[in-house]
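Per-entry structural report
Residue strings, one per chain:
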Amino acid sequence: MQAPPRSQHPAPPEPPAGWVAAAPDYVGVGTARSGTSWWDSLISAHPLVARLPETPKEVHFFDGLWEHGLSDADIERYHAYFARPEGSLSGEWTPGYMVDAWTPALLRRAAPDARLLVLLRDPVERFRSGRTLAENRFTVGSTARAAANAAFNRGIYADQLLRLWQAFPREQVLVLQYEQCVRDPRAQLERTFAFMGLAADIPDTIELGIRVNESRGPKVKLSPWQEDQLVRRYAVENERLATLLPELDLTLWRRTG
Amino acid sequence: MTLRSRARRMLVRGSRTWYRWRGPRPMRPPDPPECPPGWQVGPPDYVGLGAQKAGTSWWNALLHKHPAVHRAGGQPKELHFFDRSWEEPFGEAEVAHYARYFPRPDGGVTGEWTPGYLIDFWTPELLARAAPEARVLLLLRDPVERFRSGLTHQLATSRKTLTHRDIQGAFQRGLYAPQLRRVLAAFPAERVFVGQYEACRADPRAQLGRTFAFLGLEPVELGDDAFRSEVNPTTRQKYEPSTALRAALLAGYAPDMEQLSDLIGDLDLSLWPSAREVGLA
């Protein structure tokens, strides 16, 4: 049997004096092309949130661990990414964690008390936001057909959420809606901070309006037929999601009719 | 080594590299067959949609043992007609072209079975446009077994080690409920046949009888040797997921199997070891 490749993440960084490695306090697990870099940068701007300069926003720690699971040494390595000074919180946000069937259980072992963050966006817009598609085209090493399917399936959120809730209690998972964050970033960021156990009032140093990563990569031009297909194919999946998440405002997403 | 054989080797290596770099080409359907005299073309009477690695080649071969089921000369089991339809327009010309693949004599029945149609989110609706009266056939298999079999196939046909995307793709194909919802949005439930690979293996005669009845065909008695040979059996070393991955697959498929049994009234989850293991049957 062939051994799968381990994740490609770099060696964990050395913490500065006085910083202590520990399990992450928060981990963003979803979802790609939904404003997670923007939201992560707002969280990181909180004075009580610390991240080592060498630790990226996306650690991708579990991507390659489907076969062998997690050893104690792996857990220790994971924690090394989240060294922080006394009294601060630390974490990461890898939007693909929610997609991989094996990741929620591994994450639960590596960070049992972490608060999980999920940012969801209208799946039609997420599909259109071309980077996923372009990425897939090169990494699947395959056809436009496979790339379209992979991008589409990432937008079926309900099942991903159900898998997450199998590994973590629901109250440990905060699901945010990108469109609500754009409309009222202050209220949604206060909600996020409160969920993370941080003082909810937003420090003046945080600039809410600056969007990170917004226009990188070409957008996919969808024909009217493709757009209509996506809206209708996602409609039933969005309805299912709404039964799981009563606070989801489906009027902010594209709907049929 | 002669200059010529060296040049040939370089050419072969170069094309392999090129193939790996650009990936496999999308399947192109062959040209439509000649319509034999006295036969007529028209949309297919049945179309099999899936699932991959669920015994569809075997089942399709058994279907063709019925004297009323026809396939024009040279017609493959899998047409892959809709594989490119996400990016290419699909109109009246395509509908007419699709029908040309299905000549049949008076009173005969014909169709095709492309297992990949099930995963393509755009295909069921286009198929309903191209073959509005068709009956739809599906064979489903225990999703963990399907996953294992899919990756066994992949390891046998490619020399690459499995990547993150391979695992994601194989997992995704076993999430049947969203795929079934798309089929049932395009076709009325009474025109969709969902068989289970495990039931077919356990009692092929009875299940084939069910399939024939669903297609509106007279019952036929096939000899025992008709059921003896399996099409596409695995001969190579089998891929086995680790204990950790198996547990993750079971947890991941559990909510999907639960939805699936709501969608398909007569699905027998007790035939699937995975469903029994997670307490769904």
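Please read all numbers here as calculations on a predicted model, not as lab measurements. (Residues numbered from 1 in each chain as written. Chains lettered and ligands numbered in written order. Predicted model: local features only at pLDDT ≥ 70, side-chain atom pairs only at ≥ 80, totals over all residues.)

1. A closer look at the overall build of chain A
- Scanning chain A from N- to C-terminus turns up 10 helices and 4 strands.
- In sequence order, chain A lays out its α and β elements as β-α-α-β-α-β-α-α-α-α-β-α-α-α.
- Residues counted as buried form 42% of the 257 residues belonging to chain A.
- Look at the contacts in chain A between residues 6 or more apart in sequence, and 82% of them connect residues 24 or more apart. (Helix = DSSP H or I, 4+ residues; strand = E, 2+ residues; numbered from the N terminus. Buried ≥ 20, exposed ≤ 12 C-beta atoms within 10 Å, placed from the backbone. Contact = placed C-beta atoms within 7 Å.)

2. Quick word on the sheet that holds strand β6 (residues 135–140) of chain B
Residue and element names in this part refer to chain B.
- The strand order across the open sheet formed by 5 strands is β3-β5-β2-β6-β7, and the pairing between neighbours is parallel. What marks the edges here is a single partner per strand, and that holds for β3 (69–70) and β7 (192–196).
- With 5 bridges joining them, β6 and β7 adopt parallel strand pairing. Looking at β7, one finds that Leu-139 is bridged to Gly-195. (Pairing = 2+ DSSP bridges.)

3. A look at the sheet that holds strand β4 (residues 173–177) of chain A
Residues and elements named next belong to chain A.
- A sheet is described by the order of its strands in space; here 4 strands give the open sequence β2-β1-β3-β4, paired in parallel fashion. Edge positions in the sheet fall to β2 (91–93) and β4, since each has one partner strand and no second. Neighbour to neighbour, the strand axes of the sheet diverge by 20° on average, direction disregarded.
- Inspection of the sheet shows strand β1 (residues 26–30) paired to strand β3 (residues 115–120) by 4 bridges, in the parallel sense. Bridging across to β3, Tyr-26 finds its partner in Arg-115. (Axes fitted to C-alpha atoms, helices over the stretch in contact; angles between N-to-C directions.)

4. Focus on unusual backbone geometry
- A cis amide bond, omega -5°, links Gly-30 of chain A with the succeeding residue Thr-31 of chain A.
- Take Thr-31 of chain A: it is sitting in the loop between β1 and α1 (36–44).
- In this structure, Ala-51 of chain B follows Gly-50 of chain B across a cis peptide bond, with omega equal to -5°.
- Summarising the element assignment, Ala-51 of chain B is placed in the loop between β2 (46–50) and α2 (56–63).
- Positioned with a positive phi, Lys-53 of chain B is a non-glycine residue whose angle comes to about 60°.
- If you trace the backbone, Lys-53 of chain B turns up in the loop between β2 and α2.
- On the neighbour-count criterion, Lys-53 of chain B (26 C-beta atoms within 10 Å) is buried.

5. Examining the interface of chain B and chain A
- Taken together, the contacts link 34 residues of chain B with 36 residues of chain A.
- Secondary-structure elements contributing two or more residues to the side of chain B that touches chain A are α6 (164–173), α7 (176–186) and α10 (243–263) of chain B.
- Ranked by residues supplied to the side of chain B that touches chain A, first place goes to α10 of chain B with 8 residues.
- Of the residues contributing to the side of chain B that touches chain A, the split by class is 17 nonpolar, 8 polar and 9 charged. (Nonpolar A, V, L, I, M, F, W, Y, C, P; charged D, E, K, R; others polar.)

6. Describing helix α7 (residues 157–167) of chain A
- Within the span of α7 of chain A, buried status applies to Tyr-157, Ala-158, Asp-159, Gln-160, Leu-161, Arg-163 and Leu-164 of chain A.
- Close packing links the buried residues of α7 of chain A with β1, α3 (103–110), β3, β4 and α10 (224–244) of chain A together with α10 of chain B.

7. Some remarks on α2 of chain B
- The buried count for α2 of chain B comes to 6 of 8 residues, which makes it a mostly enclosed element.
- Looking at α2 of chain B, one finds that the buried residues are Thr-56, Trp-58, Trp-59, Asn-60, Leu-62 and Leu-63 of chain B.

8. A closer look at the packing of α7 of chain B against α10 of chain B
Residue and element names in this part refer to chain B.
- Running from amino to carboxyl end, α7 crosses α10 at an angle of 25°, the nearest separation of the two axes being 8 Å. Judged by the inter-axis angle, α7 sits roughly parallel to α10. On the side of α7, the interface is formed by Tyr-176, Ala-177, Leu-180, Arg-181 and Leu-184, while α10 contributes Asp-256, Gln-259, Leu-260 and Leu-263. (Parallel < 35°, antiparallel > 145°, perpendicular 65-115°, else oblique.)

9. Re the environment of Arg-51 of chain A
All names here are of chain A.
- Residue placement: Arg-51 occurs in the loop between α1 and α2 (72–80).
- Using a count of 21 C-beta atoms within 10 Å as the deciding quantity, one classes Arg-51 as buried.
- On a C-alpha basis, the gap between Arg-51 and Ala-22 in space is 12 Å, while along the polypeptide they are 29 residues apart.
- Discounting residues that sit within four places of it in the chain, Arg-51 has contacts with Ser-44 and Ser-90.

10. Description of the confidence of the model for chain A
- In this model, chain A carries an average pLDDT of 89, and 87% of its residues clear a pLDDT of 70 or more.
- Within the model, pLDDT remains below 50 along residues 1–7 of chain A, and this stretch shows 16 contacts once partners closer than five positions in the same chain are excluded. (pLDDT = per-residue confidence, 0-100.)

11. Thoughts on the packing of α3 of chain A against α7 of chain A
Residue and element names in this part refer to chain A.
- Look at α3 against α7: their axes get within 8 Å of each other, and the N-to-C directions meet at 30°. Overall, the two elements α3 and α7 adopt an arrangement that is roughly parallel. α3 and α7 meet at a crossing whose hand is right-handed. Counting all contacts with α3, which are made through Pro-104, Ala-105, Leu-107 and Arg-108, the residues of α7 involved are Arg-163, Leu-164, Gln-166 and Ala-167. (Left-handed = near helix turned anticlockwise from the far one by under 90°.)

12. Regarding the confidence of the model for chain B
Residue and element names in this part refer to chain B.
- On average, chain B scores 90 in pLDDT, and the residues at 70 or more come to 90%.
- Segment residues 19–23: pLDDT under 50, and 3 contacts once partners within four positions in sequence are set aside and those in other chains are kept.
- In the predicted assembly, ipTM is 0.90 and pTM is 0.90.

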